[in-house]
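Geometric and topological summary
So you can see what is in the structure, the chains are spelled out below.
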Amino acid sequence: MIKKRFGRRHFLRGMGGVAFALPLLSTGIVARDARAETTTEGVTFPKRFVFMIHPNGVIPQAWFPTRGASGEDSDFQLGETHAPLEPLKDKLLLLENVNLEVGNWDRAVGPGEPHQKGMGGILTGRTLNDGQFVGGDGSRAGWGSGQSIDHYLAERVGKNTPLPTLHVGVRADSHIGSEVRSRVSYTASNQPAPPLNDPVDVFNLMFTDAMTDPGAMDEIKRRRGSVLDTVGSQFDSVYKRAGYEDRLTLERHLKMVRDLESRLSAEGGGIGGDCEKPDTPPSLEVDSEDTMPQIATEHLDLVALALACDMTRFVTLQFSNSKNGLRYPWVDSFGDGHGLSHAGPSNETAAKELRARDRWHAQQAAYLLQKLDEIPEGDGTLLDNTVFVWCSEIAVGNTHSHRNLPILMAGSAGGYFKTGRFVSYGSERSTNDLLVNILNAFGQDVETYGDPQYCNGPLSGLT
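Presented here is a report on the structure given in the accompanying data block. These numbers come from a predicted model, not from an experiment.

What counts, and where the lines are drawn
Residues numbered from 1 in each chain as written. Predicted model: local features only at pLDDT ≥ 70, side-chain atom pairs only at ≥ 80, totals over all residues. Heavy atoms only, no water. Helix = DSSP H or I, 4+ residues; strand = E, 2+ residues; numbered from the N terminus. Contact = heavy atoms within 4.5 Å. Core = buried A, V, L, I, M, F, W, Y, C linked by side-chain atoms within 4.5 Å. Buried < 20%, exposed > 50% of the residue type's maximum accessible area, 1.4 Å probe, protein only. Phe/Tyr/Trp six-rings, centres within 6.5 Å; stacked < 30°, edge-to-face > 60°. Pairing = 2+ DSSP bridges. Lys, Arg positive; Asp, Glu negative; His and termini not counted. Salt bridge = Lys/Arg side-chain N within 4 Å of Asp/Glu carboxyl O. Polar contact = N/O pair within 3.5 Å; in protein donor to acceptor, adjacent residues only side chain to side chain. Expected span 1.5 Å × (residues − 1).

Re the environment of Val102
Within the secondary structure, Val102 sits in the loop between β6 (92-99) and α3 (114-121). For the pair Val102 and Gly125, spaced 23 residues apart in the sequence, the C-alpha separation amounts to 6.5 Å. Look past the residues within four positions of Val102 in its chain and what remains in contact with it is Val109, Gly121, Gly125, Arg126, Thr127, Asn432 and Tyr454.

Observations regarding the nonpolar core
Ranked by size, the top nonpolar core spans 52 residues in total, and within it Leu85, Leu166, Met206, Leu368, Phe388, Trp390 and Leu408 carry the most contacts. Setting aside its immediate chain neighbours within four residues, Leu166 contacts Val202, Leu205, Val303, Ala306, Thr312, Phe314, Val315 and Thr316. Judged by nonpolar contacts, the second largest core, of 43 residues, contains Leu100, Leu153, Leu434 and Val436.

With respect to the packing of aromatic side chains
Summed over all chains, the structure comprises 12 aromatic pairs. Plain terms: the ring middles of Phe314 and Phe442 are 5.7 Å apart, the flat faces sit at 45° to each other, and that makes the pair tilted. With a gap of 128 residues between them, Phe314 in strand β12 (residues 314-319) and Phe442 in the segment after α12 (431-441) connect regions that are remote in the sequence. Each of the two residues, Phe314 as well as Phe442, counts as buried. Aromatic pair Tyr416 and Phe417: ring centres 5.2 Å apart, planes at 85°, arrangement edge-to-face. Here Tyr416 falls in the partly exposed class, since its relative accessible area comes to 28%.

Quick look at the pairing of strand β3 (residues 48-54)
Burial analysis of β3 places seven of its seven residues in the buried class, which makes it a mostly covered element. Across the two faces of β3 the burial is the same, with Arg48, Val50, Met52 and His54 and Phe49, Phe51 and Ile53 all buried. Pairing between β3 and β12: five bridges, direction parallel. Looking at β12, one finds that Phe49 is bridged to Phe314.

Quick word on the side chain of Asp150
By secondary structure assignment, the location of Asp150 is in helix α4 (residues 149-157). Buried charge Asp150 goes without a salt bridge, the closest partner of opposite sign being Arg156 at 10 Å. Of the polar contacts made by the side chain of Asp150, one reaches the side chain of Ser148; its length is 2.5 Å. When sequence neighbours within four positions are dropped, the list of residues in contact with Asp150 reads Phe49, Leu123, Thr165, His167, Ser185, Phe314 and Thr316.

Points about helix α9 (residues 292-308)
Spanning 17 residues, α9 covers 24 Å between terminal C-alpha atoms, matching the ideal 24 Å at 1.5 Å per step. Of all 17 residues in α9, 13 are buried; the element is thus mostly enclosed. Positioned one or two residues after α9, Asp310 has a phi angle of 55°, which is positive.

Following this line, the structure appears as structure tokens:
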């Protein structure tokens, strides 16, 4: 007999969602565009967008999943790269045959070389401006020529957060400084948004006096505190009926509730509630390979906190830049990242190092996503109300192609995207189309984004 195993989301919904629909992370103080939020039992939760990028493409054989015998989108095995994300498989959405059409080098679209085009076009959906930044092949280009979707969305559904957007970099300026290959976000044409490479700078940005509106924090405390009695009265009866794994989940949740209760009862307030000001990150050398893993962790902790406390809803996270002459000694990769990628997948030594690097990138994604998935929101989690996108600016390092760009998504944006699938397109589609999908998920009624000649409307089969 096959015993059905209920997942965490199903269990919480089965318990009615009453004890778990805690507004732990929802400010809900001012009116917002409801289409950019999800609602459970009268509690409103914002949607978020997180974009993560690493440079120089992937090893396709390690990145893309393997389909099962049924051929169904939901029947797949994650590739080697994404093994750290296996616990979150049912919340992932992987895409195949989606191209960065605004950058395809074989069509000679716009100025710049492939790395430049990829960085400047992936979130803007537009070609680059003319300029004097010298690419790896000697060609020249300027900044991106349009607004990226994170800023587009922030202007429309993120106005009421202290930080409309947050841009974080892990050695994003290393060996290259401020130029088109080190920037992915744009407020407008020729207006790149620089990432913060030092966690102390991110901390200081998040915890300025402007973040501590006492009246708003008092209202948050009142709304959050009002549900604690309900949680306590229902916990015992639910716990008695739960199985072993669900009891562990409940115990973790109760610990969080008790911690929240103690914070709510504390005098003073910092920024209040479960969003109290943490310790300042340590001062680290931001352009050192020795500190890179620690800096990544510090950044990810701050990003999770910023999303959880509704300080921002739109985040970009860059791992290095598209020159990337970096070593990753903590995963036994001592080669120049850019040089390794040029060796191609057939070079076994280089490919081994690149696979190790990308698996580490996947571990960073898993670390962040798991933190978001541990925070209850309604009958789901903060991750469920987020759409996370991870890709590279080119597909494969030695070809520099923008065809079949490696794209992994996580979270459903409040149920908009149907996750737990590997979706392959028989006819090639454009990343501009995916940008439309994301905008639609936030209630934006658009059919194109960026340059319309490279857009055919939203990708099918994602909702």
